[in-house]
Amino acid sequence: MKQVLHTDKAPAAIGPYAQGWKAGNLVCTSGQLGIDMETGKLAEGVEAQARASMRNVGEILKTAGASYGDVIKTTIFVKELADFQTVNTVYAQFFDGDYPARSCVQVAALPMGGLVEIEAVALVEA
């Protein structure tokens, strides 16, 4: 059984895709930009964008009955690899030590001029 995930507590898709999907025990979020949900705009700076991105991922996970502790894999896209440590510092605050597998890649550009985008895969109880 699969289910599309949607929450008004995370940014709406800006293209033809869903915020996420749940298929059985597997939850996949689409990449989340660092959009501040209070303003509807990108947060200021890479640290704030990383924090907003992780919060947005968390809101989508919640719609599937998941949490950061259920995340088994993430992918981080950064505009500047020089921001790697800043993003790492923020990212680490959302997990309790058992970190998921992860990839981090520098990209030429992100939608809306974003500095960071994060997606997650989680495994939840049936």
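Refer to the preceding data block for the structure.
Small disclaimer: the values here were computed from a predicted structure and weren't measured.

Comments concerning the pattern of salt bridges
Counted by the stated rule, this structure contains two salt bridges. The partner of Glu47 in a salt bridge is Arg51, with the nearest N and O atoms 3.6 Å apart. You can see Glu47 and its partner Arg51 sitting in helix 1 (residues 45-63), four residues apart, about one turn around the helix. Overall, the relative accessible area of 44% leaves Glu47 in the partly exposed class. Between Lys62 and Glu59 there is a salt bridge, with its nearest N and O atoms 3.4 Å apart. One end of the pair is Lys62 and the other is Glu59, both in helix 1 and three residues apart, which spans about a single turn.

Brief notes about the environment of Val124
Following the sequence through the fold, Val124 ends up in the segment after strand 9 (116-123). Considered as a pair, Val124 and Asn25 are 99 residues apart in the sequence and their alpha carbons are 5.0 Å apart.

A word on the packing of helix 1 against helix 2 (residues 84-92)
Where helix 1 meets helix 2, the axes come as close as 9 Å, and the angle between the chain directions of the two elements is 35 degrees. Helix-helix and strand crossings are classified by hand; for helix 1 and helix 2 the assignment is right-handed. Of helix 2, the residues touching helix 1 (which contributes Val46, Glu47, Ala50, Arg51 and Met54) are Thr86, Val87, Val90 and Tyr91. Here the residues of the contact of helix 1 with helix 2 are counted per class, giving six nonpolar, one polar and two charged.

Quick notes on the pairing of strand 3 (residues 26-29)
The alternating pattern of strand 3 places Val27 and Thr29 on a buried face and Leu26 and Cys28 on a face that is not buried. As judged from the four bridges shared by strand 2 (residues 20-23) and strand 3, these two strands associate in the antiparallel manner. Across the sheet, residue Trp21 finds its bridge partner in strand 3, namely Cys28. Here three bridges tie strand 3 to strand 9, and the two strands are oriented antiparallel to one another. Across the sheet, the residue bridging to Leu26 is Leu123, located in strand 9.

So, helix 1
In this model, helix 1 (19 residues) spans 28 Å end to end at C-alpha, consistent with the 27 Å of a helix rising 1.5 Å per residue. Once helix 1 ends, the next one or two residues include Gly65, with phi positive near 75 degrees.

Definitions and limits used
Residues numbered from 1 in each chain as written. Predicted model: local features only at pLDDT ≥ 70, side-chain atom pairs only at ≥ 80, totals over all residues. Heavy atoms only, no water. Salt bridge = Lys/Arg side-chain N within 4 Å of Asp/Glu carboxyl O. Helix = DSSP H or I, 4+ residues; strand = E, 2+ residues; numbered from the N terminus. Buried < 20%, exposed > 50% of the residue type's maximum accessible area, 1.4 Å probe, protein only. Axes fitted to C-alpha atoms, helices over the stretch in contact; angles between N-to-C directions. Left-handed = near helix turned anticlockwise from the far one by under 90°. Contact = heavy atoms within 4.5 Å. Nonpolar A, V, L, I, M, F, W, Y, C, P; charged D, E, K, R; others polar. Pairing = 2+ DSSP bridges. Expected span 1.5 Å × (residues − 1).

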